[in-house]
Amino acid sequence: MSETLSRRSFVKWSGVAGGSAALVATAAQLGMPQARSEAVDGVADAEATVWSACVVNCGSRCPLRLQVKDGTVVRVLPDNTGDDTLWNRQIRACVRGRNMRERIYNPDRIKKPLKRVGAKRSDGEFEEISWDEAIDLIAEKLQYTYDTYGPEAVYKQYGSGVWNAHVANSGGWARLLNLLGGHLNYYGNYSYLQISQCTRYFYGSPDEQISNSIEDAIENSKLLVLWGNNPLETRMSGGGNTYTATLAKKAGLKIIVVDPRYSDSASVLADDWIALRPGTDAALVAGMAHVMITENLHDQDFLDTYCVGFDEKHMPEGAPKNASYRSYVEGKGEDGIEKTPEWAADITGVPASKIRSFAREVATAKPANIAQGWGPQRHANGENSANAIYLLAALTGNVGIPGGGTGGREGYLWPYTPWIDDGVNPVTTAISCYKWTDAISRAEEMTATRDGVQGKDRLEVGIKFMVVYGSNMLASQHGDINRTREILDDDSMCEFIVGMDNQMNASMKMCDLVLPDTTTAERWDIVPSEYTGDMAYEIMIAQAIDPLYESRSSIEVTGAIAERMGIGDEFAEGKKTTEDWARWVQDTARENNPGMFPTFDELIEQGVFRYTSPDGPTVALKEFRDDPEANPLATPSGKIEIYSSTLAQMAKEWEFPNPLPGDELTPIPAYVETWEGQAEARTNEKYPLQCIGHHFKGRTHSTYGNLESLRDIHHQRVWINDADARKRGIVSDDRVTVSNDRGTISLPAMVTPRIVPGVISVPQGAWIEIDKDGVDHGGAVNMLTSLHPTPLAKGNGQHTNLVEVAKA
Ligand SMILES: Nc1nc2c(c(=O)[nH]1)N[C@H]1C(S)=C(S)[C@@H](COP(=O)(O)OP(=O)(O)OC[C@H]3O[C@@H](n4cnc5c(=O)[nH]c(N)nc54)[C@H](O)[C@@H]3O)O[C@H]1N2
Ligand SMILES: Nc1nc2c(c(=O)[nH]1)N[C@H]1C(S)=C(S)[C@@H](COP(=O)(O)OP(=O)(O)OC[C@H]3O[C@@H](n4cnc5c(=O)[nH]c(N)nc54)[C@H](O)[C@@H]3O)O[C@H]1N2
Ligand code: SF4
Ligand SMILES: [Mo]
């Protein structure tokens, strides 16, 4: 790595105002474009420029400067603080955030509270009602639900539309329900449910095990493997990993991408592309392990000291013979198959010679950061894929050292600023976030060992009242839209659904009551950074314009419901307005971190405040590596569990009613063939193509998906390989149908060598347009996905689907 790029020192808390961040390399030195000056951007006669932000769940958070004239936002400008250095970088919004005006003034804005009048929810017919009537109705339905069914019948749906904005994140809904007696919890999230659950057994972490940051990789790594990880599209802010990963590339770090698609990250960053079939990562890892073991390239010392389960000499007590990972690879395990590169090649589609060279490269680049995205784990038995990629980091001894990594996703500094206090939920029962449709339709059958119910042996009551806030789960982002709509259409099961959003999305159309929320331009908040690497920050959201139409900010609405239900004072604790709540956040941040954060009023002027950790870039599990005796992991052995006795035990106890292939728990990260996986694809004549659905630069999930300007530049098209297209007589931009037994969509094709033959990808999150025959012309991939849960996490294997494509 070039000398100019070595980091000289690490700054403690480099605020924008007095910040003297250590210079790494300027964008100019690296040949990157400089920020445009305000003179070029500004509207000359704007009355005010107000700090705001884009807070959608893309993993980044971007400051926006809204220029206001006559009470209207006339222009959206990006960040103009910071500079072009790594530790004080400008947090440049992507094309979505810069089009915020079109979301504020969108014809899809919800203007007044709406009450369902259609016979069925999916009729989507409403009448306008007043706020007073709406609040009465919610209070009445909530009271009725608590009295009749108890708190476990109340559910706050997963939703990520205002993810982590300190006030708007929960919008007061969780606080309200907690004060009223609680609500059924969910565990995990649609982002990384599978990896988070398997991490418990592998690394003993209660969540996804993050890895070293890209900042650390820039400084210390010899190789960066982006494994099912596409930062250029999924971390698009200039403040986040689009910036850092690009900087890593410019600094000369070798980058290899493992992905069925030649993603944007592959095309811009990769020195090499490992093009595998979806869901086959664990087979690729086993083939690589075979090479490493045969050529003695694995890190035996690391495995002996820090892990259990790699070989027969290091097994937990009570484990059967020949159950180690090494035995599995050498063909001494139960299946008797040696996991040669040729074996892996047949499954993954990656040539054996390529598997050999890739294995050698990963094993000999010391140190290497294997940065796993969340695409591999969003599959049927995605748990084993995620675990296998973790395992590769252990096999090569990269865990816990600078320049290495855990095999998890790139690390970041978690913000120091607090969320508003949601209180404590008196209910401890929880379902996986993907099981809510089951908890509506078959709650009484749901148990701990069959459905992953936590906190109780079984559910006693189904979901009867649901809050859907900042979420498009009912008809866009959850699996199997047709089946989900069917479940929701029976309002004897879930009796009342209240939705709150600022756009009339497909889920709002499935609600009984719809509430118009403000946009960020119309309210106050404080917003933290999230997955933006080791530079954390907070952004001021100052109210720029009056709420449009009859929209009201969520925290004021939940406060009004609390008041109507007689708990107004407990809810508010003296805070009346949204601004009061935002001030509380900043005051509390200052109290908790003396001398660090600016005051609320200073932040109104300053807009953005950056800070870094005094400990330097994130090196995950460093304490464990430095002293495993003093800092054991929270696994039963205190070590990395390549073989998990807990999983072995669970494999005996858990039940899989109506099992499909792949519904199994394995104590080691073995490759298992799954329902609608590569093996089935090769024998299924009706649906021979594997269909994934990548996160797409044109939208954040469904958010921004209704903006004409974005639809014009980012076309919703299905990626299909030339060979598969040719067989079907399809050329680029032909309208095609993609179908399976769950549904059919119709959209244009993008014929390309950028995807593995036999695989297609439908960018996820398109707005549905279902016609009278049930065909969706919007191209929403969840018309095709399955509600069948993954075996361990009971999660969303939404990238696993078999389909057929035909010219429409
Ligand atoms: N097939 C498939 N499905 C997937 C995925 C996949 O990869 N493939 N990915 C999954 C993942 S990782 C996730 S996180 C989920 C995301 O699923 P969702 O969390 O449902 O995300 P969005 O579709 O963006 O919906 C967010 C909603 O929040 C609204 N919103 C934005 N700002 C505000 C606000 O200020 N107030 C209110 N009240 N609402 C606001 C937006 O208008 C939008 O309707 O999707 C999951 N679904
Ligand atoms: N522009 C934009 N950015 C986003 C989002 C968005 O919707 N739009 N969503 C945000 C959210 S909430 C999340 S959770 C993250 C999601 O981040 P990820 O879950 O990492 O995103 P995906 O696109 O699902 O998957 C990443 C890559 O994995 C590949 N992949 C799919 N299946 C496999 C497989 O079996 N093996 C391997 N090796 N690769 C595979 C895909 O082709 C893709 O390029 O992105 C965030 N950022
Ligand atoms: S979508 Fe993400 S990257 Fe784009 S402006 Fe919004 S927060 Fe920034
Ligand atoms: Mo996500």
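Residues numbered from 1 in each chain as written. Chains lettered and ligands numbered in written order. Predicted model: local features only at pLDDT ≥ 70, side-chain atom pairs only at ≥ 80, totals over all residues. Heavy atoms only, no water.

Under an unreviewed UniProt entry, the chain has the name Molybdopterin-dependent oxidoreductase and belongs to Flaviflexus equikiangi. What UniProt records for the chain under Cofactor (unreviewed entry) is the sentence "[4Fe-4S] cluster". Quoted verbatim from the Sequence similarities (unreviewed entry) field of the UniProt record, the comment on the chain reads "Belongs to the prokaryotic molybdopterin-containing oxidoreductase family." (UniProt positions renumbered as here; feature names shortened; annotations may be inferred.)

Please give an account of the pattern of salt bridges that cites residues and values.
Per the counting criterion, the structure on display carries 46 salt bridges. Across the pair Arg61 and Glu530 runs a salt bridge whose closest N-O atoms are separated by 2.6 Å. Here the residue Arg61 occupies a position in the loop between β1 (48-54) and β2 (62-69), and Glu530 occupies one in the loop between β17 (525-528) and β18 (536-541), the gap between them amounting to 469 residues. Here Arg61 and Glu530 have matching classes, each one buried. (Salt bridge = Lys/Arg side-chain N within 4 Å of Asp/Glu carboxyl O. Helix = DSSP H or I, 4+ residues; strand = E, 2+ residues; numbered from the N terminus. Buried < 20%, exposed > 50% of the residue type's maximum accessible area, 1.4 Å probe, protein only.)

Explain the layout of surface pockets residue by residue, including any values.
The calculated volume of the largest pocket comes to roughly 840 Å³. Lining the largest pocket are 33 residues, with Trp163, Asn164, Asn169, Tyr186 and Gly188 sitting closest to its centre. The residue makeup of the lining of the largest pocket, split by class, is 14 nonpolar, 14 polar and five charged. Split by domain, the residues of the lining of the largest pocket number at least three in each of domain 1 (114-184 + 427-517 + 552-573) and domain 2 (195-413 + 634-653). Lining the second largest pocket are 24 residues, and of these Tyr328, Glu334, Asp335, Ile668 and Ala670 lie nearest its centre. Mapped by element, the contributors of at least two residues to the lining of the second largest pocket are α14 (341-348) and α26 (645-653). (1 Å grid on protein atoms, 1.4 Å probe; cavity = no way out; pocket = protein on both sides within 12 Å on 5 of 7 lines; lining within 4 Å. Points joined across faces, edges and corners; volume = space filled by probe spheres on them. Nonpolar A, V, L, I, M, F, W, Y, C, P; charged D, E, K, R; others polar. Domains from an automatic or database assignment.)

Tell me about empty space enclosed by the protein, and name the residues and values.
The tally for this structure, following the rule as stated, stands at seven cavities of 30 Å³ or more. As a volume, the second largest cavity reaches approximately 150 Å³. Considering the residues around the second largest cavity, the lining is formed by 21 residues, among which Gly279, Thr280, Ala380, Val672 and Thr674 are closest to the centre. Contributing elements (two or more residues each) for the lining of the second largest cavity: α16 (382-395) and β21 (689-692). A per-class count over the lining of the second largest cavity returns seven nonpolar, 13 polar and one charged. Counting residues domain by domain, the lining of the second largest cavity receives three or more from each of domain 2 (195-413 + 634-653) and domain 3 (678-807).

Before we move on, could you go through the domain arrangement of the chain and cite the residues and values that matter?
Taken domain by domain, the chain consists of domain 1 (114-184 + 427-517 + 552-573), domain 2 (195-413 + 634-653) and domain 3 (678-807). The C-alpha-based centres of domain 2 and domain 3 are spaced at 27 Å. With 27 residues of domain 2 at the contact, the number on the domain 3 side is 25 residues. Counting each side, the surface lost to burial between domain 2 and domain 3 is near 2300 Å², with a carbon and sulfur contribution of 59%. The three residues of domain 2 that bury the most area against domain 3 are Arg261, Arg378 and Glu383, which together make up 29% of that side's buried surface. Our count for the contact surface shared by domain 2 and domain 3 stands at three salt bridges. Linking Asp264 and Arg754 is a salt bridge whose minimum nitrogen-to-oxygen distance equals 3.2 Å. (Contact = heavy atoms within 4.5 Å. Buried area = accessible area lost by both parts, 1.4 Å probe.)

Outline the packing of aromatic side chains, listing residues and values.
With the rule as written, the count across this model stands at 27 aromatic pairs. Ring centres of Phe202 and Tyr390 lie 5.6 Å apart, and the angle between their planes is 20°; this geometry places the pair in the stacked category. Here Tyr390 lies in helix α16 and Phe202 lies in helix α6 (residues 193-202), a separation of 188 residues in the sequence. Classification of Phe202 by relative accessible area gives buried; the value is 1%. Between Tyr412 and Trp414, the aromatic rings sit 6.1 Å apart at their centres with planes inclined by 55°, giving tilted as the arrangement. Assessed through its relative accessible area of 13%, Tyr412 is described here as buried. In this structure, Arg103 is placed above the aromatic ring of Tyr704, and the distance from its NZ or CZ to the ring centre is 4.6 Å. Over the aromatic face of Tyr328 sits the side chain of Lys339, whose NZ or CZ is 3.9 Å from the ring centroid. (Phe/Tyr/Trp six-rings, centres within 6.5 Å; stacked < 30°, edge-to-face > 60°. Lys NZ or Arg CZ within 6 Å of the ring centre and 35° of its normal.)

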